[in-house]
Amino acid sequence: MSSNWADEVDGDELPQTFTDANGITTHIEFRINEDGKKVKITRRTQKKLIHDVVNKAVAARKKWPKFGKERGKPPGPDPATTNVGDNIKLKLSSTGQIVQEVDDKHESMKQQLQNKKILCRICKGDHFTTKCPYKDSLGVEDAAASSAAAAEEAAPEAEPSSGSKYIAPHMRAGASKVGDRDSMREKRDEQPTLRVTNLSEDVTEGDVSELFNRFGHISRVFLARDRETNACKGFAFVSFTMREDAQRALEAIDGRGYDNLILRVEWAKSSA
DNA sequence: GATGAGCGA
């Protein structure tokens, strides 16, 4: 051989690889063929992974306009309501082992969201709405009004929310210090509420709402528990926002078997 | 068989 590989390959003849905007990867390298001549080898590849095909559908879905309470909001997850976790791809390594790989694109979105604050829609506290301590005690209709009150309570030192003229009920002139709890109870009793009896003692609030939420929005679930043992005392109250939903739930669940017991569902009477 | 907890600073 007259030529040495190392002699032939100088600076600009090193193999190179680049990927264009269309995802086409071009690989160029120089080799010495059997005749001792240097040849340029160009390979173009376009990888189409199953995961890209699937993500196309996902990407399209992300552009759907938002509806309901989120109508008109920009696309993508809202940090006030959504937690973004890791997007881990599983890959097979050369040795056949499964390797976890965190998706970088996804990671950057996650980091952007981390810089934003979680904001409760009920009380504006820094927890998710579903975790709000006021969630069960406040009706959905007056959540907006109560939010400011709750925010005042939770963080009196916090900077005043910009432009808000709202004055919390207990801060208003002539507001009484007592009776708040009673008004809460009245609120509770106004809601269409079902009493569910004959529940087994290991039933949880989650079980109850799972059983009833297919009939409509549930504003409150109260499960009577033993104060010491924490076990279910066998009955619960389920409040709906819509009376019709409660009615349908009553008819559907009353007499239904659950945990080998037959449930009884009726309209709750006010305890006072 | 049963109609919700707490009643305090």
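Note that the structure is a prediction, hence the values are computed from the model and not measured. (Residues numbered from 1 in each chain as written. Chains lettered and ligands numbered in written order. Predicted model: local features only at pLDDT ≥ 70, side-chain atom pairs only at ≥ 80, totals over all residues. Heavy atoms only, no water.)

1. Focus: the protein's contact with DNA strand B
If you check the shell around DNA strand B, you find 16 residues, and the closest are Arg220, Arg227, Lys233, Lys269 and Ser271. Restricting the count to atoms of DNA strand B within 4 Å of the protein gives a sugar and phosphate share of 34%. In the environment of DNA strand B, a base oxygen lies 3.5 Å from a nitrogen or oxygen atom belonging to the side chain of Arg195. Between DNA strand B and Arg220, the relevant distance is 2.2 Å, taken from a base nitrogen to a side-chain nitrogen or oxygen of the residue. Among the secondary structure elements, those contributing two or more residues to the surface near DNA strand B are α5 (180-190), β6 (193-197), β7 (218-225) and β8 (232-240). If one sorts the elements of the surface near DNA strand B by residue count, β8 sits on top with four residues. For the surface near DNA strand B, the per-class residue count stands at four nonpolar, four polar and eight charged. (Near = heavy atom within 4 Å. Polar contact = N/O pair within 3.5 Å; in protein donor to acceptor, adjacent residues only side chain to side chain. Helix = DSSP H or I, 4+ residues; strand = E, 2+ residues; numbered from the N terminus. Nonpolar A, V, L, I, M, F, W, Y, C, P; charged D, E, K, R; others polar.)

2. A short note on helix α7 (residues 243-253)
By the burial criterion, the buried members of α7 are Asp245, Ala246, Ala249, Leu250 and Ile253. Viewed end-on, α7 has its buried residues packed into an arc of 140°, placing them on one side of the element. Against the buried residues of α7 lie β6, α6 (205-212), β8 and β11 (264-267). (Buried < 20%, exposed > 50% of the residue type's maximum accessible area, 1.4 Å probe, protein only. Arc of directions from axis to C-beta. Contact = heavy atoms within 4.5 Å.)

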